[in-house]
Amino acid sequence: MAFRRRNKSYPFFSQEFLIQNHADIVFCLVVFILIGLMFEATAKTAFLFILPQYNTSTLSPEGEVSLYHYGWRDCITILFYFLIIIILHAVVQEYVLDKVNRRLHLSKSKNTKFNESGQLCVFHLVSSVWSLYLLIMEGYMLNFSSLWENYPHAHLRFQVKFFYLFQLAYWLHALPELYFQKVRKEEIPRQLKYISLYLLHITVAYLLNLTRVGLVLLFLQYVSELGFHVSRLFYFTDESHHKLFDVWAVAFVLTRMVTLTLTVLAVGFGLSRVENQGLDWEAGNFNTLIVRLAVLLMVCLTQAWLLWKFIRFQLRRWREYRREQVARKRAAVKQPARTLKRDTGHQENGVIKAENGASPRTKKIKAL
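Residues numbered from 1 in each chain as written. Predicted model: local features only at pLDDT ≥ 70, side-chain atom pairs only at ≥ 80, totals over all residues. Heavy atoms only, no water.

By the naming in an unreviewed UniProt entry, the chain is Translocating chain-associated membrane protein, taken from Aldrovandia affinis. Looking at the Subcellular location (unreviewed entry) heading of the UniProt record, one finds this comment for the chain: "Membrane". The record held by UniProt for the chain lists under Sequence similarities (unreviewed entry) the comment "Belongs to the TRAM family." (UniProt positions renumbered as here; feature names shortened; annotations may be inferred.)

Okay, structure coming up:
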């Protein structure tokens, strides 16, 4: 199974060999784990990689329902889907993005950003639809008070837990992809910042049993980011599509406002009125004043930092636009009207005379 064209062969286990064949190597590891399902002696171990762990059966009005909580074996499941996402990343890159890049003939810097936006477009689209489906199925869209009622939300349905494990696996896979995709050194700090922020927020929501609030906030964030990366893809294909960024700018500001409002409402006011107050590690209860303030501070600082970066970007963009307009006006004023002077003499009786009165020499016309 080859994901990339082999234009040149490299020595085994060299740096270029690992970069060129990393998807094939990972695919072999995944197949090795799946083969373990075929044998009774290794099936139990293989299920640790594939299925979420720590499930308990409880009775509900719908019947017997399996609910899940978290534990250290989740790291094994995250590792497996970490490998799966690396393979999917290579498939999207090879069979979609690389083919589009060959047609667009982008520069190296634009090519890197195009690949980044293309990959994140697919991920944000899938995650947005997935999180919206979970919000509708769990009933959080119609009943916002359920985001903090009956806290701690230590037991999750299968799809909710699998969603969080998938999110952690994706953002963890983004770290080695910086090496596999040969991202430029100038771009690495920027990408490391938003990867770290995603990992921090998702991990905090998962470990502190704030999965309901986290699900809503992730949906809002992914929809906003989807708009940005779609706008950037259209801009790279045709620079006349820059107006899509104006639509995204409005959505970005609204997302920040809604995120701050919802976080303060759910964590600041909602959890403070819940009966279960105090710290209980066994029950998964972290509803204390210090934890609530820490979560609010984390979210508010992140949103403020994003808004600050957004305002700086818009101001810089506006100043560049104004300079360009002023330069164009000055060039139009200074540029004199072009007049073509065919000769400097005058005519007398149909004969062209020079300024000194002498008639110019007649030129011989060459026969064609």
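A. Quick peek at a positive patch on the surface. Residues K193, K309, R312 and R316 make up a contiguous surface patch of positive charge. A per-element tally of the positive patch places helix 9 (residues 289-334) first, with three residues. As for its position among the elements, K193 is in helix 6 (residues 188-207). (Patch = residues over 30% accessible without salt bridge, like charges linked within 9 Å, V, L, I, M, F, W, Y side chains within 5 Å. Areas by Shrake-Rupley, 256 points an atom, 1.4 Å probe, with all protein chains shown as cover. Salt bridge = Lys/Arg side-chain N within 4 Å of Asp/Glu carboxyl O. Lys, Arg positive; Asp, Glu negative; His and termini not counted. Charge placed at Lys NZ, Arg CZ, Asp CG, Glu CD. Helix = DSSP H or I, 4+ residues; strand = E, 2+ residues; numbered from the N terminus.)

B. Summary view of empty space enclosed by the protein. This structure, assessed with the given rule, holds two cavities of 30 Å³ or more. Size it by volume and the largest cavity reaches roughly 50 Å³. Lining of the largest cavity is provided by Y151, L208, L210, V267, L271, F286, N287, T288, V291, R292 and V295. Every element with two or more residues in the lining of the largest cavity is listed here: strand 4 (285-287) and helix 9. Among the elements that line the lining of the largest cavity, the one with the most residues is helix 9, at three residues. In the lining of the largest cavity, the residues fall into eight nonpolar, two polar and one charged. The computed volume of the second largest cavity comes to approximately 30 Å³. Y68, H69, Y70, H153, A154, L156, K161, Y206, N209 and T211 are the residues that line the second largest cavity. Tallied by class, residues from the lining of the second largest cavity come to five nonpolar, four polar and one charged. (1 Å grid on protein atoms, 1.4 Å probe; cavity = no way out; pocket = protein on both sides within 12 Å on 5 of 7 lines; lining within 4 Å. Points joined across faces, edges and corners; volume = space filled by probe spheres on them. Nonpolar A, V, L, I, M, F, W, Y, C, P; charged D, E, K, R; others polar.)

C. Just the pattern of salt bridges, in detail. Here the structure, examined in full by the defined rule, presents seven salt bridges. For E116, the salt bridge identified is with R190, shortest N-O distance 2.8 Å. Placement of E116 in helix 4 (residues 108-138) and of R190 in helix 6 is noted, with a sequence separation of 74 residues between them. Using a relative accessible area of 9% as the deciding quantity, one classes E116 as buried. Across the pair E138 and R157 runs a salt bridge, and its minimum N-O distance is 3.4 Å. Highlighted residues: E138 in helix 4 and R157 in the loop between helix 4 and helix 5 (158-180), separated in sequence by 19 residues. Judged by its relative accessible area of 24%, E138 is partly exposed. Residue classification places R157 among the partly exposed residues on the basis of a relative accessible area of 33%. Ionic contacts of the salt-bridge type, sharing partners, join the residues E116, R184, E187, R190 and R232 into one network. (Buried < 20%, exposed > 50% of the residue type's maximum accessible area, 1.4 Å probe, protein only.)

D. A look at unusual backbone geometry. Each neighbour pair has its own omega, and for Y151 with P152 the value is 10°, a cis peptide bond. Position of P152 among the secondary structure elements: in the loop between helix 4 and helix 5. For N150, which is not glycine, the phi dihedral falls at a positive 60°. Relative to the helices and strands, N150 resides in the loop between helix 4 and helix 5. Even without being glycine, N209 reaches a positive phi, approximately 60°. Relative to the elements of secondary structure, N209 occurs in the loop between helix 6 and helix 7 (211-237). Residue N209 is classed as buried on the basis of its relative accessible area of 3%.

E. Layout of helix 3 (residues 74-104). In this model, helix 3 (31 residues) spans 42 Å end to end at C-alpha, consistent with the 45 Å of a helix rising 1.5 Å per residue. In helix 3, a bend of some 40° at Q93 exceeds every other bend along the element. With its phi angle positive at about 55°, H105 sits one or two positions after the end of helix 3. (Expected span 1.5 Å × (residues − 1). Bend = angle between axes of the 7 residues up to and from the residue.)

F. Structural view of the packing of aromatic side chains. Taken as a whole and judged by the stated rule, the model has 27 aromatic pairs. Residues F123 and Y170 carry aromatic rings whose centres are separated by 3.7 Å and whose planes lie at 5° to one another, so their mutual orientation is stacked. On the criterion of sequence distance, the pair formed by F123 in helix 4 and Y170 in helix 5 is long-range, its members being 47 residues apart. Here the two residues F123 and Y170 agree in accessibility, since each one is buried. For the pair W130 and F163, a centre-to-centre distance of 5.2 Å together with 85° between the ring planes defines the contact as edge-to-face. Of this pair, W130 sits in helix 4 while F163 sits in helix 5, placing them 33 residues apart in sequence. Summarising the burial analysis for this pair, W130 and F163 share the class buried. The rings of Y68, Y70, F80, Y81, W130, F158, F162, F163, Y164, F166 and Y206 are connected pair by pair, giving a single aromatic cluster. (Phe/Tyr/Trp six-rings, centres within 6.5 Å; stacked < 30°, edge-to-face > 60°.)

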